[in-house]
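What the coordinates show
Residues per chain are reported as follows:
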Amino acid sequence: MDWWESLGMAMAMVLVLEGLLPLLAPRQWRQMFTQLLQLKDGQLRFCGLLCIAAGVISLALL
């Protein structure tokens, strides 16, 4: 399996996981999305940074 195939599979898995919450709990997903819209730019950037750091650490452990 080459690098591009692995990247494609990872992106597909992200889409599957991202779609689970709206499929299974649309009301809660909408409430969460509304709360995210109320965050300031700095807060969203910090959340993004935490997600990136968690992903990099997870990849390093694999």
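Computed from a prediction, not measured in an experiment: that's the story for all the values here. (Residues numbered from 1 in each chain as written. Predicted model: local features only at pLDDT ≥ 70, side-chain atom pairs only at ≥ 80, totals over all residues. Heavy atoms only, no water.)

1. A look at the packing of aromatic side chains
The way to describe two aromatic rings as a pair is by their centre distance and the angle between their planes. For the structure shown, the criterion picks out 2 aromatic pairs. Plain terms: the ring middles of Trp 3 and Trp 4 are 5.0 Å apart, the flat faces sit at 85° to each other, and that makes the pair edge-to-face. Trp 4 matches Trp 3 in its accessibility class, with the two residues each being exposed. Aromatic pair Trp 29 and Phe 33: ring centres 5.4 Å apart, planes at 20°, arrangement stacked. Of this pair, Trp 29 and Phe 33 both sit in helix α2 (residues 26-37), 4 residues apart, roughly one helical turn. The class for Trp 29 is partly exposed, based on a relative accessible area of 32%. Residue class for Phe 33 comes out partly exposed when judged on its relative accessible area of 42%. (Phe/Tyr/Trp six-rings, centres within 6.5 Å; stacked < 30°, edge-to-face > 60°. Buried < 20%, exposed > 50% of the residue type's maximum accessible area, 1.4 Å probe, protein only. Helix = DSSP H or I, 4+ residues; strand = E, 2+ residues; numbered from the N terminus.)

2. Observations regarding the environment of Asp 2
Secondary-structure assignment places Asp 2 in the segment before α1 (3-24). Judged by relative accessible area, which is 45%, Asp 2 ranks as partly exposed. For the pair Asp 2 and Thr 34, spaced 32 residues apart in sequence, the C-alpha separation works out to 39 Å.

3. A look at the packing of α1 against α2
Two numbers describe how α1 lies on α2: the axes approach to 5 Å, and their chain directions differ by 115°. With respect to α2, the axis of α1 lies roughly perpendicular. In this structure, α1 contributes Leu 21, Pro 22, Leu 23 and Leu 24 to the contact, and α2 contributes Pro 26, Trp 29 and Met 32. Residue classes in the contact of α1 with α2 are distributed as 7 nonpolar, no polar and no charged. (Axes fitted to C-alpha atoms, helices over the stretch in contact; angles between N-to-C directions. Parallel < 35°, antiparallel > 145°, perpendicular 65-115°, else oblique. Contact = heavy atoms within 4.5 Å. Nonpolar A, V, L, I, M, F, W, Y, C, P; charged D, E, K, R; others polar.)

4. Section: a nonpolar patch on the surface
Taken together, the side chains of Leu 21, Trp 29, Met 32, Phe 33, Leu 36, Leu 37 and Leu 44 define a hydrophobic patch exposed on the protein surface, amounting to about 620 Å² of accessible area. Examining the composition of the nonpolar patch, we find that 5 residues originate from one element, α2, more than from any other. Mapped onto the secondary structure, Met 32 falls in helix α2. Judged by its relative accessible area of 38%, Met 32 falls in the partly exposed class. (Patch = residues over 30% accessible without salt bridge, like charges linked within 9 Å, V, L, I, M, F, W, Y side chains within 5 Å. Areas by Shrake-Rupley, 256 points an atom, 1.4 Å probe, with all protein chains shown as cover. Salt bridge = Lys/Arg side-chain N within 4 Å of Asp/Glu carboxyl O.)

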